[in-house]
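As a plain string of letters, each chain reads:
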Amino acid sequence: MIRPARLTDVPAFHEVMMAAGMDPRSSWSRVTPQELEAALSAPQAGGFVALDGDRVVGCVGYRPDGPQTLTLNRLATRPEVRGRGLGMQLVQAVERHAQDTGRQRVLLAVSQFNLNVLPFYEQLGYVRTADLYAYAHPASPPPVVLVKDIEQL
Ligand SMILES: CC(C)(COP(=O)(O)OP(=O)(O)OC[C@H]1O[C@@H](n2cnc3c(N)ncnc32)[C@H](O)[C@@H]1OP(=O)(O)O)[C@@H](O)C(=O)NCCC(=O)NCCS
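Residues numbered from 1 in each chain as written. Predicted model: local features only at pLDDT ≥ 70, side-chain atom pairs only at ≥ 80, totals over all residues. Heavy atoms only, no water.

For the protein chain, the name recorded in an unreviewed UniProt entry is GNAT family N-acetyltransferase, with Deinococcus sonorensis as its organism.

What follows is the structure, given as structure tokens:
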């Protein structure tokens, strides 16, 4: 089951992120629970969690970049639940939220340390763009930016 993330989910959301097996050079590994809480509670930002029973096993965040674009970040599922469609459902939850809030596209950045995830997003209809990712980490190598147009209701 997928549901909107609550502030009480922050510790579990953070734990899923840290269990994801991301490259330690990525800024992902240095996100603190405090930063996560601030990001999830920023204006027009939020996230979703995937549950297996009561347990949080997946997470994703979003935040706006101007009125037309919703950026997706912090997508992860626990290694032991991968391949069950939860990653895809978390992406789709963000896409639906973009649609519900009248945005035209979902944009995301893939770290140079994580390029093997590109086929996952391409399978979901994301294409590379030359557009910049507004929240790129200044100390990290430039990410690959992907975008998907959202059909308006
Ligand atoms: C990327 C991630 C969230 C996918 O989660 P998941 O729960 O396995 O996703 P799904 O089960 O919905 O997979 C959907 C499809 O994508 C495929 N897929 C998943 N990860 C893939 C990858 N790294 N490369 C290629 N295909 C992938 C699955 O095989 C599945 O295809 P199928 O339906 O044809 O079998 C998960 O691998 C993860 O947490 N990775 C580490 C964190 C990360 O890289 N996050 C992205 C940051 S940009």
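Novice: What am I meant to see in the side chain of Thr-71 here?
Specialist: Tracing the backbone shows Thr-71 in strand 4 (residues 69-77). Residue Thr-71 is classed as buried on the basis of its relative accessible area, which comes to 0%. (Helix = DSSP H or I, 4+ residues; strand = E, 2+ residues; numbered from the N terminus. Buried < 20%, exposed > 50% of the residue type's maximum accessible area, 1.4 Å probe, protein only.)

Novice: Where do I start with the UniProt feature "domain: N-acetyltransferase" (unreviewed entry) in the protein chain in this structure?
Specialist: The UniProt feature table records "domain: N-acetyltransferase" (unreviewed entry) at residues 1-151. With 26% helix and 29% strand, residues 1-151 has end C-alpha atoms that lie 24 Å from one another. (UniProt positions renumbered as here; feature names shortened; annotations may be inferred.)

Novice: Where do I start with the nonpolar core in this structure?
Specialist: Across soluble globular proteins, you tend to see nonpolar side chains buried next to one another. Counting residues in hydrophobic clusters, the biggest one holds 25 residues, and the most contacted among them are Leu-72, Val-94, Tyr-121, Tyr-126 and Leu-146. Put simply, the parts of the chain that give this core at least two residues each are strand 2 (46-52), strand 3 (55-65), strand 4, helix 3 (86-100), strand 5 (105-110), helix 4 (118-123) and strand 7 (144-149). Among the elements that line this core, the one with the most residues is helix 3, at 6 residues. Among all residues touching Leu-146, those that are not within four sequence positions of it are Val-106, Leu-107, Leu-108, Val-110, Leu-118, Tyr-121, Tyr-126, Val-127, Arg-128 and Thr-129. In terms of nonpolar packing, the next biggest core, distinct from the first, is built from 14 residues, Met-17, Ala-20, Val-49 and Leu-51 among them. (Core = buried A, V, L, I, M, F, W, Y, C linked by side-chain atoms within 4.5 Å. Contact = heavy atoms within 4.5 Å.)

Novice: Where do I start with the site of the ligand in this structure?
Specialist: Around the ligand there are 20 residues in total, and Leu-75, Gly-83, Gly-85, Met-88 and Asn-114 lie nearest to it. Between the ligand and Met-88 there is a distance of 2.8 Å, counted from an oxygen atom to a backbone nitrogen or oxygen. Measuring from a nitrogen atom of the ligand, one finds a backbone N or O atom of Asn-116 at 3.3 Å. In isolation the ligand has 910 Å² of accessible area, and contact with the protein removes 71% of it. Counting only elements with at least two residues in the shell around the ligand, the list comes to strand 4, helix 3 and helix 4. (Near = heavy atom within 4 Å. Polar contact = N/O pair within 3.5 Å; in protein donor to acceptor, adjacent residues only side chain to side chain. Areas by Shrake-Rupley, 256 points an atom, 1.4 Å probe, with all protein chains shown as cover.)

Novice: It is not clear to me how the pairing of strand 2 should be interpreted in this structure. Could you clarify?
Specialist: One face of the sheet, then the other: side chains in a regular strand alternate in exactly this way. Of all 7 residues in strand 2, 6 are buried; the element is thus mostly enclosed. With 3 bridges joining them, strand 1 (residues 2-4) and strand 2 adopt antiparallel strand pairing. Residue pairing across strands places Pro-4 opposite Phe-48, the latter belonging to strand 2. Where strand 2 lies against strand 3, 7 bridges are found, and the strand directions are antiparallel. Bridge pairing in strand 3 places Val-49 opposite Cys-59. Linkage of strand 2 to strand 3, two consecutive antiparallel strands, is achieved through a turn of 2 residues, within which Gly-53 is found at a positive phi near 65°. (Pairing = 2+ DSSP bridges.)

Novice: Just checking my understanding: could you explain unusual backbone geometry for this structure?
Specialist: A negative phi angle characterises most non-glycine residues, just as the trans form characterises most peptide bonds. The backbone of Gln-44 shows a phi angle near 60°, a positive value even though the residue is not glycine. Locating Gln-44 in the fold gives a position in the loop between helix 2 (33-40) and strand 2. Backbone geometry places Arg-74, a non-glycine residue, at a positive phi of 55°. Relative to the helices and strands, Arg-74 is located in strand 4. Overall, the relative accessible area of 17% leaves Arg-74 in the buried class.

Novice: Explanation requested: the pattern of salt bridges in the structure shown.
Specialist: Pairing of side chains with opposite charge becomes possible as their charged atoms draw close. Inspection of every chain in the model, using the stated rule, returns 8 salt bridges. Here Arg-3 ties to Asp-9 by a salt bridge, and the two come within 2.8 Å at their closest N and O atoms. Note on Asp-9: relative accessible area 6%, which makes it buried. The residue Asp-52 makes a salt bridge to Arg-84 at a minimum N-O spacing of 3.8 Å. Of this pair, Asp-52 sits in strand 2 while Arg-84 sits in the loop between strand 4 and helix 3, and the two are 32 residues apart along the sequence. (Salt bridge = Lys/Arg side-chain N within 4 Å of Asp/Glu carboxyl O.)

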